[in-house]
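Chain and residue survey
Here is what each chain is made of, one letter per residue.
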Amino acid sequence: QEYPWVVSASDDQTIRVWNWQSRTCISVLTGHNHYVMCAAFHAKEDLVVSASLDQTVRVWDIAGLRKKTVAPAEDVLRIPQMNTDLFGGGDAVVKYVLEGHDRGVNWAAFHPSLPLIVSGADDRQVKLWRMNDTKAWEVDTLRGHVNNVSCVMFHARQDVIVSNSEDRSIRVWDMSKRTGVQTFRREHDRFWILAAHPEVNLLAAGHDSGMIVFKLERERPAFATHGNQLYYVRDRYLRIYDFETKRDNPILSIRRSGGSGGGSSAPPRGMTYNPAENAILLSSDAEGGSYELFQLPRDAVASVSGKGTVTSAATVDAMSTDSRRGLGASAVFVARNRFAVFDRSSGQIFIKNLRNEVTKKVAPPCPSTDAIFYAGTGNLLCRAEDKVVLFDVQQRKTLAEMSTSNVKYVVWSTDMNYVALLSKHAIHVGDKRLRHLC
């Protein structure tokens, strides 16, 4: 990044390096024998990667070019010498030729920090390659796209690969497991290009009709408040922050492994806290909806309120983090020792005890109910299409309802007399009987 260079790939089967300050071509890389679809510099090393319809990925060593171009100001003085070197001067040479794709390669990219390359081709495959000082080799092939792979890249902050394709999909692949973990599809538009923001958690993808900007996962943490304490999830820990002492401690490790029990590596989306039993319920979108019930350590609150020992992350890791898990679109406490889970497959609300055993099954007030929220002891707010319904679980009857767009979050006042319903573009405020206030 010290030099004012850009690299281009062309249908004339060459890659060119340009000095954008002097507006001159400083090197031509020849060797591909079909259209060159992309080329990119390595973030730290003197390397360029290119992909071509000749079915190869090439890695070029441009150390000679860097040494030759001592300073941008000298470019003008070097033009006569440079022109003699353009076709075979040794300032840029092929280091590796990666063969393995069965059809033309549309994209190749370096990993930002590891010695890895990823490529995507018209054979519908995404390939992962590794390199060292002397050789490069294929590590694995990721299959799942059903048409030409247009673009592929490593995520800068997560161990995932993102690809898009003419099959109208964007796919996210787990780098360690080499499996697909997420797919986004458009109905009519083929995808062609991907780009990542250098600092913010944003990706962009270009398609036939325009472009979309998106995040792979939400940045807002799951949280709950009680008294002076804020309970929230950051990284792989459940933490407590005390508003008075300003202490912030990890209290539980919530690292979860995938499995039929509902555990997942997906970050939790929602949280409810039960002060009577000192328990936390975490809800996640994993596996179509799952939850996890944790019993908090007895001294957790004391450690942040100034009455106990501050707990380190290492100590938390060594502690037992047994939890009770299950499947459900959302889970919230409804009593001291009961919580409700909305089971999407059956369309019912399950009432469970703290041993995770079903004690009752209740039909929701609306057949179109797709989520439940906390609404005080014995009550739930049920989201259904364009409204929310206040539902008494014990008496199994509707108490009130309010028309509102798709509600994502529900926030109650401390005295439970007022509620705010947050959707994507609006906030509705009502009283405890869902009378609309603003």
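Refer to the structure printed above.
All of the points below concern the structure found in this document. Position labels on residues start from 1 in each chain and follow its written sequence. Reporting in this predicted model follows two pLDDT cut-offs: at least 70 for local features of residues, and 80 or more for side-chain atom pairs to be given and counted; totals over whole chains, interfaces and linings ignore these cut-offs and use all residues. Values reported for side chains reflect all heavy atoms of the structure, with hydrogen atoms and water molecules removed beforehand.

A closer look at the overall build of the chain
The following threshold applies: A helix here means a DSSP run of H or I that spans at least four residues, while a strand means a run of E at least two residues long, and both kinds are numbered starting from the N terminus. Burial status follows relative accessibility: with a 1.4 Å probe on protein chains alone, a residue under 20% of its type maximum counts as buried, one over 50% as exposed, and anything between as partly exposed. Residue contacts are counted whenever heavy atoms from the two residues lie within 4.5 Å of one another. Here the Shrake-Rupley method, with its probe set to 1.4 Å, supplies the accessible areas, and only the displayed protein chains count as covering residues.
On a plain count of helices and strands, the chain comes out with four helices and 37 strands. Every one of the 438 residues in the chain was classed for burial, and the buried ones make up 47%. Across the chain, the fraction of contacts at a sequence separation of at least 24, relative to all contacts at a separation of at least 6, is 43%. Counting only carbon and sulfur atoms, one obtains 48% of the accessible surface of the chain, whose full area is about 22,000 Å².

A short note on the sheet that holds strand S11 (residues 136–143)
What counts here: Strand pairing requires that DSSP identify at least two bridges connecting the strands. Axes, fitted as lines to C-alpha atoms, cover a helix only where it is in contact. Angles between the N-to-C directions of the axes lie from 0 to 180 degrees.
Pairing is antiparallel in the open sheet, where four strands are placed in the order S8-S9-S10-S11. Of all the strands in the sheet, the pair left with one neighbour each is strand S8 (105–110) and S11. Taking each pair of neighbouring strands and ignoring which way they run, the sheet shows an average axis angle of 20°.

Some words on a nonpolar patch on the surface
The following threshold applies: Residues forming no salt bridge and having over 30% relative accessible area are the ones grouped into patches, like charges within 9 Å of each other and nonpolar side chains (Val, Leu, Ile, Met, Phe, Trp, Tyr) within 5 Å. One side-chain nitrogen of Lys or Arg within 4 Å of one carboxyl oxygen of Asp or Glu is enough to make a salt bridge.
Nonpolar side chains collect at one region of the surface, where Val6, Trp18 and Trp20 lie side by side and expose about 290 Å² of accessible area between them. For tryptophan 20, the location among the structural elements is in the loop between strand S2 (14–19) and strand S3 (24–30). By relative accessible area, tryptophan 20 is classed as partly exposed at 46%.

What about the environment of asparagine 249?
Structurally, asparagine 249 can be placed in strand S22 (residues 248–253). Classification of asparagine 249 by relative accessible area gives buried; the value is 3%. For the pair asparagine 249 and arginine 239, spaced 10 residues apart in sequence, the C-alpha separation works out to 5.4 Å.

Observations regarding the state of the cysteines
Operational definition: Two cysteine sulfurs form what is called a disulfide whenever their separation falls within 2.5 Å.
In total, this model carries zero disulfides according to the counting rule given. Residue cysteine 382 stays outside any disulfide, its sulfur separated by 7.5 Å from that of cysteine 366, the closest cysteine. For cysteine 382, a relative accessible area of 0% translates into the label buried.

Considering the side chain of glutamine 125
Just so we agree on the cut-off: By the criterion applied in these results, polar contacts are pairs of N or O atoms within 3.5 Å in which, for protein atoms, one can donate a hydrogen and the other can accept it, and in which residues neighboring in sequence qualify only through two side-chain atoms.
Following the sequence through the fold, glutamine 125 ends up in strand S10 (residues 125–131). Of note is the side chain of glutamine 125, whose polar atom sits 3.4 Å from the side chain of lysine 127. Leaving out residues up to four positions away in the same chain, glutamine 125 has contacts with His101, Ser119, Gly120, Thr141, Leu142, Arg143 and Val149.

Notes on the packing of aromatic side chains
Quick note on the threshold: Stacked, edge-to-face and tilted are the three classes for Phe, Tyr and Trp ring pairs, Trp counted by its six-membered ring, which pair at centre distances within 6.5 Å; planes under 30 degrees apart are stacked, over 60 edge-to-face, the rest tilted.
One pass over the full model with this rule turns up six aromatic pairs. Measuring from centroid to centroid gives 5.5 Å for tyrosine 291 and phenylalanine 339, while their planes differ by 65°, and the two rings are edge-to-face. One end of the pair, tyrosine 291, is in strand S25 (residues 290–295); the other, phenylalanine 339, is in strand S28 (residues 338–343), with 48 residues separating them in the sequence. Through pairs of rings, three or more aromatic residues link up here, namely Tyr291, Phe333 and Phe339.

A closer look at the environment of asparagine 147
Along the chain, the position of asparagine 147 falls in the loop between S11 and strand S12 (149–154). We classify asparagine 147 as partly exposed; its relative accessible area is 27%. Along the chain, asparagine 147 and serine 169 lie 22 residues apart, while their C-alpha atoms are 9.5 Å from each other. What asparagine 147 contacts, discounting residues up to four positions off in sequence, is Arg124, Ser165, Glu166 and Asp167.

What about the sheet that holds strand S36 (residues 418–423)?
The three strands lie next to each other as S35-S36-S37, forming an open sheet whose pairing is antiparallel. Two strands in the sheet have a free side with no partner beyond their single neighbour: strand S35 (407–412) and strand S37 (427–431). Along the sheet, successive strands turn relative to each other by an average axial angle of 20°, direction set aside. Bridge count between S36 and S37: five bridges; the pairing is antiparallel. Counted as the bridge partner of valine 419 is glycine 430 from S37.

Quick notes on the pairing of strand S9 (residues 116–121)
Of all six residues making up S9, six are buried, and the element is well covered by its neighbours. Every second residue of S9 is oriented toward a common face, with Leu116, Val118 and Gly120 on one face and Ile117, Ser119 and Ala121 on the other, all of them buried. Bridge count for S8 against S9 is five bridges, and the pairing is antiparallel. Along S9, the bridge assignment pairs tryptophan 107 with glycine 120. Connecting the antiparallel pair S8 and S9 is a turn made up of five residues. Direction of pairing for S9 relative to S10: antiparallel, over a ladder of five bridges. Bridge pairing links serine 119 to lysine 127 in S10. In sequence, S9 turns back onto S10 through a hairpin of three residues, with arginine 124 there showing a positive phi of about 70°.

Don't take any of this as a statement about function, it's just geometry.
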